[in-house]
Amino acid sequence: MTARTATRPRRPISTKPGEPPRRTPRQVVSRPSLPKWSLPKWSLRRSHPIDLRDTEVVSEPVHPRIARRREQVVHESRKGRPWFRWGSLGMALASTLIVAGLFSPLVDLDHLEVQGLEGEPATAVREVSGLVVGTAMFGVRPAEVRRRVESLPWVAHADVDAHWPDTVVVTVMPQRPMAMMEAPEVSRDGQPPGSGSVLMASGVVLAPGDLGPLGPFTEGLPRVSADPSYAGSNGPTGSGADYSELAHDVLAQLRPVTAEAVSELRVGASGSVTLVARMADGSSDAILALGGPEDLPAKAIALESVLSGTVELACMERVDVSVPTRVTIMRSGGCTIPTPGEAAQ
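Structure report, in brief.

Procedures and definitions
Residues numbered from 1 in each chain as written. Predicted model: local features only at pLDDT ≥ 70, side-chain atom pairs only at ≥ 80, totals over all residues. Heavy atoms only, no water. Helix = DSSP H or I, 4+ residues; strand = E, 2+ residues; numbered from the N terminus. Buried < 20%, exposed > 50% of the residue type's maximum accessible area, 1.4 Å probe, protein only. Contact = heavy atoms within 4.5 Å. Areas by Shrake-Rupley, 256 points an atom, 1.4 Å probe, with all protein chains shown as cover. Polar contact = N/O pair within 3.5 Å; in protein donor to acceptor, adjacent residues only side chain to side chain. Pairing = 2+ DSSP bridges. Axes fitted to C-alpha atoms, helices over the stretch in contact; angles between N-to-C directions. Arc of directions from axis to C-beta. Salt bridge = Lys/Arg side-chain N within 4 Å of Asp/Glu carboxyl O.

Things to note about the overall build of the protein chain
Scanning the protein chain for helices and strands turns up nine helices and 15 strands. Within the protein chain, buried positions represent 29% of all 345 residues. A separation threshold of at least 6 residues defines the contact pool for the protein chain, and within that pool the share at least 24 residues apart is 48%. Working note: accessible area of the protein chain is about 22300 Å², and carbon and sulfur atoms make up 56% of it.

Next comes the structure, spelled out in structure tokens:
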């Protein structure tokens, strides 16, 4: 004896991508049945398990209304979403136009301006920058261009600004020469260039071949020399390869009046510093003894007070400011110091 039991419709099952969900047809399962009063429910489940191999699945026909709805859903899914298609096409077209515009002649480099230099130096900056007319502005890297320009030995600093759509401005600040080095020094490439090297305000020492357009500006600079037996903190005795730092520190501390009067800087064997200054009246040169490299700011102030007219400059031979609080002035013998009234006349 068999009983025919109908099951409820199952939930929609997954289908292939793009296809609408579909329901399984209602199924009718026939299986052998036992009287409910023969055994308890727990005994039936454990002692008499159902053999699914004996079941029979019977599919019932789908209702016409459900079949039509399924066909309608499939048809609508095949039509797709027009706004999605046109939106994707529009985004692709816009991206293509943007990329083409960035590399088009409308936004390429037409003007390369160099500020701070003229003539041959400006031409050298243009060449080393690597930029030429027609370069795409999108491909200009200001940091890379600045690194190339600052690789020139005589360039202290450079700024690169890109002004869209067609201009790049390179602002160059060249090195400022401070003094001429008498003894062999060390240039940027580590080779001793020999006499004629120039000490810059930035502290570097350039060989004559590295000066570029700064050559004409070295005339009239104070000359720096060192005793052959001088040995600084870094170089061996007699090398003359480490006193440029001491000379730079001294010259950087001098006030304008003193810096204009100094014509020579000498470094002694013990590291003492002596300056030779031209007097304002042009009568003679005076020796300015600074002593060691300590208390340079105080010594520079003491020299400024002496040379700015606080004391009479006539017949002055030596000014000792090794002790800034006690300045010693020596004058030439037989010199008559004019009185304030005579000096006024």
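Back to the text.
Some details on the side chain of serine 129
Looking at the secondary structure, you find serine 129 in helix 4 (residues 120–129). A distance of 2.7 Å separates a polar side-chain atom of serine 129 from the backbone oxygen of arginine 126. Here serine 129 is in contact with Leu112, Val145, Arg148 and Val149, once residues within four sequence places are set aside.

Regarding the sheet that holds strand 5 (residues 155–163)
The three strands are arranged 4-6-5 in an open sheet whose pairing can be described as mixed. Either end of the sheet is taken by a strand with one partner, and the two such strands are strand 4 (111–115) and strand 5. Strand-to-strand twist of the sheet, defined as the mean angle between neighbouring strand axes without regard to direction, takes the value 15 degrees. Contacting strand 4 and strand 6 (167–174), helix 4 runs over the sheet at an angle of about 130 degrees to strand 4. Relative to strand 5, helix 5 (residues 142–150) is tilted by about 155 degrees, and along the sheet it contacts strand 5 and strand 6.

Considering the environment of alanine 158
Along the polypeptide, alanine 158 turns up in strand 5. Beyond its immediate sequence surroundings of up to four residues, alanine 158 is in contact with Arg146, Val149, Glu150 and Thr171.

Focus on the sheet that holds strand 15 (residues 328–331)
The strand order across the open sheet formed by nine strands is 9-8-7-10-11-12-13-14-15, and the pairing between neighbours is mixed. The outermost strands of the open sheet, each flanked by one partner alone, are strand 9 (205–206) and strand 15. Sheet topology note: the strand 14 (residues 316–320)/strand 15 ladder contains four bridges and is antiparallel. Paired with arginine 318 across the strands is methionine 330, a residue of strand 15.

Points about helix 4
Here helix 4 has its buried residues at Pro121, Ala122, Val125 and Ser129. Relative to the axis of helix 4, the buried residues are bounded by an arc of 100 degrees and lie together on one face. Exposed and facing more than 90 degrees away from the buried side of helix 4 are Glu120 and Glu127. Of the residues one or two after helix 4, glycine 130 is the one with positive phi, at around 80 degrees.

Concerning the pattern of salt bridges
Overall, the coordinates contain three salt bridges when judged by the stated rule. The closest approach of N and O atoms between glutamate 144 and arginine 147, which form a salt bridge, is 2.5 Å. Pair noted here: glutamate 144 and arginine 147 are both in helix 5, with a separation of three residues, about one helical turn. On the accessibility criterion, glutamate 144 (30% relative accessible area) is partly exposed. Arginine 148 is the salt-bridge partner of glutamate 144, the closest N and O atoms lying 3.5 Å from each other. With a gap of four residues between them, glutamate 144 and arginine 148 both fall in helix 5, about one helical turn apart. Put simply, Glu144, Arg147 and Arg148 are held in one network by salt bridges that share partners.

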